[in-house]
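Here are the chains, one letter per residue:
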Amino acid sequence: MQVVNNHKRYHLQEVRRRTERESTMSSIAAYYNRKTVLITGATGFMGKVLMEKLLRSSPNVEAVYILVRPKAGQSMQERVANMVKSKVFDRVREDCPHFQEKIKPINAELTQPNLAISAKDSQELLSRVNVVFHCAATIRFDEPLKHALLLNVMGTQQLLLLSRQMQKLEAFIHVSTAYANCNRRNIDEVIYPPPVEIKKLCDLVEWLDESIIQEITPKLIGDWPNTYTYTKALAEYLVQQEKDHLNVAIIRPSIVGASWHEPFPGWIDNFNGPSGMIIAAGKGILQTVKVNNDAVADLIPVDVVINLILAAGWYTAVHRPKTMMVYNCTTGGINPFCWGDIGYHVISTFKRNPLEQAFRIPSAQMTSNHLINQYWITVSHKAPAMLYDFYLRLTGRKPRMMKIFNRLHKSMMLLEYFTTQSWEWSSENMNMLMAQLSPEDRRLFNFDVRQLHWSEYIENYCIGAKKYLLNEDMSGIPAAKQHLRKLRNIQYAFNTTLLVIIWRIFIARSQMARNIWYFVVSLCYKFLSYFRASSTLRH
Ligand SMILES: CCCCCCCC/C=C\CCCCCCCC(=O)SCCNC(=O)CCNC(=O)[C@H](O)C(C)(C)COP(=O)(O)OP(=O)(O)OC[C@H]1O[C@@H](n2cnc3c(N)ncnc32)[C@H](O)[C@@H]1OP(=O)(O)O
Ligand SMILES: NC(=O)C1=CN([C@@H]2O[C@H](COP(=O)(O)OP(=O)(O)OC[C@H]3O[C@@H](n4cnc5c(N)ncnc54)[C@H](OP(=O)(O)O)[C@@H]3O)[C@@H](O)[C@H]2O)C=CC1
């Protein structure tokens, strides 16, 4: 009898413990445990953060297949081996030292027929994968249309075809961009009709000569600013076409920036979007930029996007919404911040935490006026670059500054479309999803951007760029400050010399200037004599 009672008590305690554990456990993390996931674009900026968060929050995930191509003379295996050593995986490495065993790389090239996946690998994917996250894309604004179509559109179509045959597929999450429909001002969480018949366009570019495609690209893309946003819009339509066959959802992040909290505040590993400009400003290279100071800078931290992606994957698979969900993942409508404010915080952070070996003291003119911007480009970009290159030549070195500025100006030109206008995105689906999460999920997979404190975020962004992108040590800050002081002295000396030279030229040419000059000099002389006389009297 005693034994039976003990057993009953033990059983009740166990049930209570399990109930308690389940009520405090994350449903999202629990969902991915024992699931097999496929990620495309895993070697990219967002792919790495996605993989890290997934492996850290759901250590019992069955497997994470990643589609990887050989690149820059490195085989797929070498690339993955190098990638897992990256700093971004430091936290998961600490929590689960054998995390890389879960990562299963698959050789693939998204622009090739059948994604160039071998029959054996294909079979493995078809029989195992439960969730697909499609992140791979070319995000270059200057990508030739043919390649952007091949990768962003045809690649997506082929992946959809493959996914259709996956026997255990529960969700397909497509990562698009909030700017896919940037030809509109107000963007809802719906798919807009494509501007062309996709099949016809793909057929056209297949047989047309590269140079002709290049020539007619502006006509083809119409009111889209570049081939990237245009092809992302077409891809969205293709994904929607599959909604009856697949359980799909689309995530549309705006400008993805450094992380807010995870894996580390300010983590970033590329120069895309604002990151290159922020660094150029910190190095004192960028001194003027064409932005509308009052336009909304719709930046979103990468970890927020990844949390939303994982939550959307769970929701799509478990709740199976009747209509295909599109999640605009933006900050502007919820917690807006302007380009002018970003500029101010970037400069003030870099003054407190300077980058090493800056070219000039960080400072930025931000204007949307074309003429004013051109003036500053001439005065504070081209003139110093020419002078510096002249100095390099004199000292027997290779001039390089003008080349850097030409590249910077090319980037600025391509980015200006996004920094001189504002858009309004609705974010009802993001709010709805947030409301569906348990308190624990909301904490673990936080995508509530109302809590984002912009000045703190921008400061961490700049410091993250310094640490993770430029590999600069924080202990070098005193020396960097000393370098800025040296630059300040050089600037003062240069400005004074310039003023004297200009004045001398002016004096030589005009009687009036000479008169003013003599008047000022005699005034100064009288002033000094008066001071000297009064101080002698006091003694
Ligand atoms: C006071 C400061 C205030 C700040 C103000 C901020 C201003 C506004 C800024 C931003 C607004 C952004 C709006 C975006 C909205 C859309 C969002 C989306 O949906 S998605 C994705 C967006 N996609 C891109 O961001 C791709 C843009 N980039 C490109 O298309 C190309 O990079 C391009 C055409 C701009 C330049 O191309 P190339 O051929 O001249 O150079 P390359 O191939 O990119 O770089 C060559 C090498 O140099 C490095 N590099 C690039 N930029 C660098 C830099 N600034 N400093 C040092 N190295 C840099 C790269 O890492 C690369 O290195 P390796 O060859 O891979 O080892
Ligand atoms: N970054 C941003 O600001 C924003 C990004 N997005 C979207 O998020 C997604 C991820 O972007 P992000 O991580 O920044 O981009 P990255 O350029 O960092 O990563 C792109 C990924 O796609 C892979 N890829 C490119 N071409 C091929 C190919 N032919 N075959 C196989 N894989 C390929 C790359 O692999 P490899 O390493 O081999 O080159 C890389 O893993 C994209 O879909 C993008 O449109 C949306 C809004 C903003």
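In this convention, every chain numbers its residues from 1, walking through the sequence in written order. Chains and ligands are labelled sequentially in the order written, the chains with letters from A and the ligands with numbers from 1. The predicted nature of this model means local features are confined to residues of pLDDT at least 70 and side-chain atom pairs, given and counted, to a pLDDT of 80 or more, with totals for whole chains, interfaces and linings taken over all residues. Hydrogens and waters are ignored; side-chain quantities use all the structure's heavy atoms.

**Description of unusual backbone geometry**
The phi torsion of most residues other than glycine is negative, and most of the peptide bonds are trans. A cis geometry characterises the amide bond from E262 onward to P263, with omega recorded as -5°. Here the phi dihedral of R320 falls at roughly 40°; this positive angle occurs in a residue that is not glycine. By the element assignment, R320 lies in the loop between α12 (302–319) and β11 (325–329). Relative accessible area serves as the criterion here: at 47%, R320 is assigned to the partly exposed category. A positive phi angle, close to 55°, is found at N471, a residue other than glycine. Comment: elements are numbered from the N terminus, with helices defined as DSSP H or I runs of at least four residues and strands as E runs of at least two. The residue N471 is located in the loop between α18 (454–469) and α19 (477–509) in this model. For every residue, the accessible area obtained with a 1.4 Å probe (protein chains only) is divided by the maximum for its type, and the residue is called buried under 20%, exposed over 50%, and partly exposed between those limits.

**Side note on helix α3 (residues 45–57)**
For α3, spanning 13 residues, the distance from its first C-alpha to its last is 19 Å, which sits close to the expected 18 Å at 1.5 Å a residue. Of all 13 residues in α3, 13 are buried; the element is thus mostly enclosed. Expected helix span is computed as 1.5 Å times (number of residues minus one).

**Examining the packing of α3 against α12**
Interaxial angle, 0 to 180 degrees, is taken between N-to-C directions of lines fitted to C-alpha atoms, where a helix line uses only the stretch in contact. The geometry of α3 relative to α12 is characterised by a closest axis approach of 9 Å and an angle of 60° between their N-to-C directions. Regarding the angle of α3 to α12, the classification is oblique. For the pair α3 and α12, the sense of crossing is right-handed. Along the contact surface, α3 presents F45, M46, V49, L50, K53 and L54, while α12 presents V302, V305, I306, N307, I309 and L310. Here the contact of α3 with α12 is built from residues that sort into 10 nonpolar, one polar and one charged. Here the angle decides the label: under 35 degrees means roughly parallel, over 145 means roughly antiparallel, 65 to 115 means roughly perpendicular, and every other value means oblique. For a crossing to be left-handed, the near helix must be turned anticlockwise from the far one by less than a right angle; the clockwise case is right-handed. Only heavy atoms matter for contacts: two residues are in contact if any of them lie within 4.5 Å across the pair. Each residue receives one of three labels: charged for Asp, Glu, Lys and Arg, nonpolar for Ala, Val, Leu, Ile, Met, Phe, Trp, Tyr, Cys and Pro, and polar for the others, Gly being one of them.

**Quick look at the site of ligand 1**
Think of it this way: one heavy atom of a residue within 4 Å of a molecule or strand is enough to make that residue near it. Around ligand 1 lies a shell of 26 residues, among which R140, F141, T177, G273 and R407 are the nearest. Take I139: an N or O atom from its main chain is 3.1 Å from a nitrogen atom of ligand 1. By the criterion applied in these results, polar contacts are pairs of N or O atoms within 3.5 Å in which, for protein atoms, one can donate a hydrogen and the other can accept it, and in which residues neighboring in sequence qualify only through two side-chain atoms. Here an oxygen atom of ligand 1 and a backbone polar atom of F141 are 2.8 Å apart. Protein burial of ligand 1: of its 1400 Å² of free accessible surface, 73% is covered by the chains. Mapped by element, the contributors of at least two residues to the shell around ligand 1 are α11 (274–282), α13 (339–352) and α15 (401–419). Of all the elements, α15 adds the most residues to the shell around ligand 1, at seven residues. The method behind every accessible area is Shrake-Rupley, applied with a 1.4 Å probe, and residues are considered shielded solely by the protein chains displayed.

**Observations regarding the sheet that holds strand β4 (residues 131–134)**
Pairing in this open sheet of seven strands is parallel, and the strands run β3-β2-β1-β4-β5-β7-β11 from one edge to the other. The open sheet has two free edges, formed respectively by β3 (103–107) and β11, since each of these has just one partner strand. This sheet shows a mean twist of 20° between the axes of neighbouring strands, independent of strand direction. A pair of strands counts as paired when DSSP detects no fewer than two bridges linking them. Relative to strand β7 (residues 248–253), strand β5 (residues 171–175) runs parallel, the two being bridged by four bridges. Within β7, the position partnered with F172 by the bridge is V248. Here helix α6 (residues 119–128) sits on the sheet and contacts β1 (36–40), β2 (63–68) and β3; the angle it forms with β2, its principal contact strand, is near 140°.

**As for the site of ligand 2**
The local shell around ligand 2 holds 25 residues, among which T43, R69, R79, E109 and Y228 are the closest. Isolated, ligand 2 exposes 890 Å² of accessible area, and the fraction of that covered by the protein chains is 90%. Elements with a contribution of two residues or more to the shell around ligand 2: α3 and α10 (227–241). Considering only residue class, the shell around ligand 2 consists of 13 nonpolar, seven polar and five charged.

**Topic: the packing of aromatic side chains**
Any two rings among Phe, Tyr and Trp, with Trp reduced to its six-membered ring, count as a pair given centres within 6.5 Å; such a pair is stacked if its planes are under 30 degrees apart, edge-to-face if over 60, and tilted if neither. Scanning the entire structure with this criterion turns up 26 aromatic pairs. For the pair F337 and W454, a centre-to-centre distance of 5.0 Å together with 5° between the ring planes defines the contact as stacked. With F337 in the loop between β11 and α13 and W454 in helix α18, this residue pair connects regions lying 117 residues apart in the sequence. Each member of the pair F337 and W454 is classed as buried. An aromatic cluster is present here, built from F141, Y179, Y228, Y417, F418, W423 and W425 joined pairwise through their rings. Only when the NZ of Lys or the CZ of Arg is both within 6 Å of the ring centre and within 35 degrees of the ring normal is a charge said to sit over the ring. It is K53 that lies over the ring of F445; its NZ or CZ is 4.7 Å from the centre. Just above the ring of F264 sits the side chain of K87; from NZ or CZ to the centre is 4.6 Å.

**Brief notes about the UniProt feature "domain: Fatty acyl-CoA reductase C-terminal" (unreviewed entry) in the protein chain**
UniProt positions are given in the numbering used here, feature names are shortened, and annotations may be inferred rather than shown by experiment. The sites that UniProt annotates as "domain: Fatty acyl-CoA reductase C-terminal" (unreviewed entry) are residues 381–472. End C-alpha atoms of residues 381–472 are separated by 25 Å, and the span's content is 70% helix alongside 2% strand.

**A closer look at the side chain of D303**
Tracing the chain through its elements places D303 in helix α12. Charged-residue counts in this description rest on Lys and Arg as positive and Asp and Glu as negative, His and the chain ends being excluded. Between Lys or Arg on one side and Asp or Glu on the other, a salt bridge is scored when a side-chain nitrogen of the former is within 4 Å of a carboxyl oxygen of the latter. No salt bridge forms around the buried D303; measuring N to O, its nearest opposite-charge neighbour K53 is 7.4 Å away. Those residues within four positions of D303 in sequence are excluded, and the remaining contacts are S259, W260, H261 and E262.

**Some words on a positive patch on the surface**
Residues enter patches when their relative accessible area tops 30% and they take part in no salt bridge; the joining distance is 9 Å for like charges and 5 Å for the nonpolar side chains Val, Leu, Ile, Met, Phe, Trp and Tyr. All charge positions are set by atom: Lys at NZ, Arg at CZ, Asp at CG, Glu at CD. A surface patch of positive charge is lined by K351, K481, R485 and R488. For the positive patch, the element with the highest residue contribution is α19, accounting for three residues. Within the secondary structure, K351 is located in helix α13.

**Quick look at the pattern of salt bridges**
Inspection of every chain in the model, using the stated rule, returns 21 salt bridges. E109 is the salt-bridge partner of R69, the closest N and O atoms lying 4.0 Å from each other. In this pair, R69 is assigned in the loop between β2 and α4 (76–84) and E109 in the loop between β3 and α6, connecting sequence segments 40 residues apart. Exposure remark for R69: the relative accessible area of 36% places this residue in the partly exposed category. Classification of E109 by relative accessible area gives partly exposed; the value is 21%. In this structure, R252 engages E236 in a salt bridge whose closest nitrogen and oxygen atoms are separated by 2.7 Å. Here R252 is found in strand β7, whereas its partner E236 is found in helix α10, with 16 residues between them in sequence. In this structure, R252 and E236 share a single accessibility class: buried. In the salt-bridge network here, residues are joined through shared partners; they are E52, K53, R56 and E262.

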